[in-house]
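Residue strings, one per chain:
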Amino acid sequence: MPDTRLPFDDSAPKQATNVSLNSDLLAQAKALGIDVAQACERGLADQIAEVRDRAWREENRPAIESSNAYVEAHGLPLAKNRPY
């Protein structure tokens, strides 16, 4: 069963690939017992999430700017209902 907390399908089959890594980083990872494939997978997932986040922000920039302008001009909606 896939882990729904992950931003990718961790049950998808593995695919072999060739990557070139900094030899010092690789040596340090091996010395520390780090699973290099898993670390690369985690780094790639983080990079994908970052790029998608940036794209989402750009795609929604007009709506975000409009919302911010409204709040700046009129205050927060329902602010009068806040307990403080």
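This text follows the structure it describes.
Calculation rules
- Residues numbered from 1 in each chain as written.
- Predicted model: local features only at pLDDT ≥ 70, side-chain atom pairs only at ≥ 80, totals over all residues.
- Heavy atoms only, no water.
- Helix = DSSP H or I, 4+ residues; strand = E, 2+ residues; numbered from the N terminus.
- Buried < 20%, exposed > 50% of the residue type's maximum accessible area, 1.4 Å probe, protein only.
- Areas by Shrake-Rupley, 256 points an atom, 1.4 Å probe, with all protein chains shown as cover.
- Lys, Arg positive; Asp, Glu negative; His and termini not counted.
- Charge placed at Lys NZ, Arg CZ, Asp CG, Glu CD.
- Expected span 1.5 Å × (residues − 1).
- Polar contact = N/O pair within 3.5 Å; in protein donor to acceptor, adjacent residues only side chain to side chain.

Asker: Talk me through the overall build of the protein; I want residue IDs and the actual numbers.
Answerer: Scanning the protein from terminus to terminus reveals three helices and zero strands. The order of α-helices and β-strands along the protein, N terminus first, is α-α-α. Summarising its shape, the C-alpha atoms of the protein cover approximately 60 × 30 × 30 Å along the three principal directions. Across the 84 residues of the protein, 2% fall into the buried class. Approximately 7900 Å² of the protein is accessible, and the part contributed by carbon and sulfur atoms is 55%. Counting 10 positive and 13 negative side-chain charges, the protein places the centres of these two groups 5 Å from one another.

Asker: Summarise helix H2 (residues 36–59); cite the residues concerned and give the values.
Answerer: Between its first and last C-alpha atoms H2 spans 34 Å; for 24 residues at 1.5 Å apiece the expected length is 34 Å, and the two agree. Two or three places before alanine 37, at the start of H2, stands the capping residue aspartate 35, its side-chain oxygen 3.1 Å from that residue's backbone nitrogen.

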